[in-house]
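Structural features, examined
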Amino acid sequence: LGNRFLCREGSMLFVGPSGVGKSSAATQQDLCWSVGKPAFGIIPARPLKILQIQAENDAGDLHEMVAGVWKAMEFGPEEEKLCTANLHVVSEKTRTGSAFLSEVVRPLLRLHRPDIIRIDPLLAFLGDDPTDTKALAAFCRSGLNPLLEEFQCAVILNHHTPKTTNRDTTNWRPSDWMYSGAGGAELANWARAILVIEPTDNPAAFRFIGAKRTKRLEWYDKFGNREIQRIYCHSECSIAWRPATETECDSVRAKKDKGKPTELELMEFVPAEGAIDKEALLALWNQLNIGQTKCKGLIAALIAGGKLF
């Protein structure tokens, strides 16, 4: 996925709070990647064979998510053939820990030989305390890693955040988001790549944050500037996700956004020599969760003060 964002024998955490649509986003990713199409701006190398093992959704939930994504993506007969051949979903609700790895994961890897195995969610199958470093190492390093090497595939673990009450993410740096999942730091250290969903003040809009290996996502704005986050919304017509409109992006704020960038922080985006296109500068500032209207006001004020020309 991406420019070696996720590789064979590699691992990825897909982190978000309960109830935000993490499973539907995962389903959309798996469906799109199984037919060789991008999902959330992440491009697969080719149509990928994907095995999803899940414990949170019943048959009706799974059907509604697949049908919703199918409708939103407007897949045709060729995509249907590819998806049927490449994507397999298995529900497992009883086994955890070493029994899950030996009795469920290994036989399914041997049967399907996927490029990617997705486990949804980690806490349903870990069977131990996620803050226990030894337990995490036993499951991820001693348990999963040998399977990834033996069957030459990658793994995506869907994972929850801890309770988010009073959690203020306003001043979080990209590196802080690596540790946004519930449990110990060993999990973030083990994972090659991390993608995080963060709610905003708009209940239908969410920030997707590249928390680890961000550059390898190859997210760029229309001016060619590298992005560390993108905004996506729940679709109005089905259970699926869509990119936010420019207006929605402008209105989105980080959860409990109290801080305002200082003038010094804003001016860091202005080159000391030469020039930067005004629209490009607006796009960069907008990533600080200011919004286009305020950005334009700040530019006008800095020009009036003689600090921008």
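Refer to the structure presented above.
Below: a short report on this structure. (Residues numbered from 1 in each chain as written. Predicted model: local features only at pLDDT ≥ 70, side-chain atom pairs only at ≥ 80, totals over all residues. Heavy atoms only, no water.)

1. Some words on the pairing of strand β5 (residues 154-160)
Stated formally: Burial classes: relative accessible area under 20% of the type maximum marks a residue as buried, over 50% as exposed, and values in between as partly exposed (1.4 Å probe, protein chains only). A run of H or I in DSSP counts as a helix once it spans at least four residues, and a run of E counts as a strand once it spans at least two, with each numbered from the N terminus. Strand pairing follows a simple DSSP-based rule, namely that at least 2 bridges must link the two strands.
Counted residue by residue, β5 has 7 buried out of 7 residues, so it is predominantly covered. Here β5 shows a buried face lined by A154, I156, N158 and H160 and a second buried face lined by V155, L157 and H159. For strand β1 (residues 11-16) and β5, the ladder comprises 6 bridges, and the chain directions are parallel. The residue bridging M12 from the neighbouring strand is I156, located in β5.

2. A word on unusual backbone geometry
That bond from D120 to P121 is cis: its omega, -10°, falls within 30 degrees of zero. Take P121: it is sitting in the loop between β4 (116-120) and α5 (122-126). One non-glycine residue, R4, lies in the positive phi region at around 60°. Mapped onto the fold, R4 is located in the segment before β1. Despite not being glycine, F40 has its phi angle at roughly 55°, a positive value. Looking at the secondary structure, you find F40 in the loop between α1 (22-34) and β2 (50-54).

3. Points about the nonpolar core
Short version of the rule: We call a set of buried residues a nonpolar core when its members are Ala, Val, Leu, Ile, Met, Phe, Trp, Tyr or Cys and they connect through side-chain atoms within 4.5 Å of each other. Contacts: residue pairs with any heavy atoms within 4.5 Å of one another.
Counting residues in each nonpolar core, the largest one holds 35 residues, and the members touching the most others are I53, F100, I117, F139, W190 and I194. Among the elements that make up this core, the one with the highest residue count is helix α6 (residues 133-151) (7 residues). If sequence neighbours within four positions are ignored, W190 has contacts with S11, L13, C140, R141, L144, N145, V155 and L157. Judged by nonpolar contacts, the second largest core, of 34 residues, contains F14, C32, F40 and F206.

4. Some details on the packing of aromatic side chains
The criterion, for reference: For this analysis, a ring pair means two rings from Phe, Tyr or Trp (six-membered ring only for Trp) whose centres lie within 6.5 Å, classed as stacked if their planes differ by under 30 degrees, edge-to-face if by over 60, and tilted for the remaining angles.
With the rule as written, the count across this model stands at 10 aromatic pairs. With a centroid separation of 5.0 Å and 85° between ring planes, the pair formed by W70 and F75 is classed as edge-to-face. Residue W70 is classed as partly exposed on the basis of its relative accessible area of 22%.

5. Some details on the sheet that holds β1
Selection criterion: To get an axis, fit a line to the C-alpha atoms, keeping to the stretch in contact for a helix; angles then go from 0 to 180 degrees between the N-to-C directions.
Within the open sheet, the 9 strands sit side by side as β3-β2-β4-β5-β1-β6-β7-β8-β9. Their pairing is mixed. Of all strands in the sheet, those bounded by a partner on one side alone are β3 (87-91) and β9 (241-243). Strand-to-strand twist in this sheet, taken as the mean axis angle between neighbours without regard to direction, amounts to 25°. Sitting on the sheet, helix α4 (residues 97-112) touches β2, β3 and β4, and the angle it makes with β2 is about 155°.

6. Quick word on the packing of α1 against helix α2 (residues 59-73)
Just so we agree on the cut-off: Note on terminology: angles under 35 degrees are roughly parallel, angles over 145 are roughly antiparallel, angles of 65 to 115 are roughly perpendicular, and the others are oblique. In this scheme the handedness of a crossing depends on how the near helix is turned from the far one: anticlockwise by less than a right angle means left-handed, clockwise means right-handed. Only Asp, Glu, Lys and Arg are considered charged in this grouping, and only Ala, Val, Leu, Ile, Met, Phe, Trp, Tyr, Cys and Pro are considered nonpolar; every other residue, Gly among them, is considered polar.
Where α1 meets α2, the closest approach of the two axes is 9 Å, and the angle between their N-to-C directions is 55°. In terms of axis orientation, α1 runs oblique to α2. Here α1 and α2 pass one another in a crossing that is right-handed. On α2, the residues that touch S23, S24, T27, Q28, L31 and C32 of α1 are M65, V66, V69, W70 and M73. Across the contact of α1 with α2, the residue classes tally to 7 nonpolar, 4 polar and no charged.

Just geometry here; none of it tells us what the structure is for.
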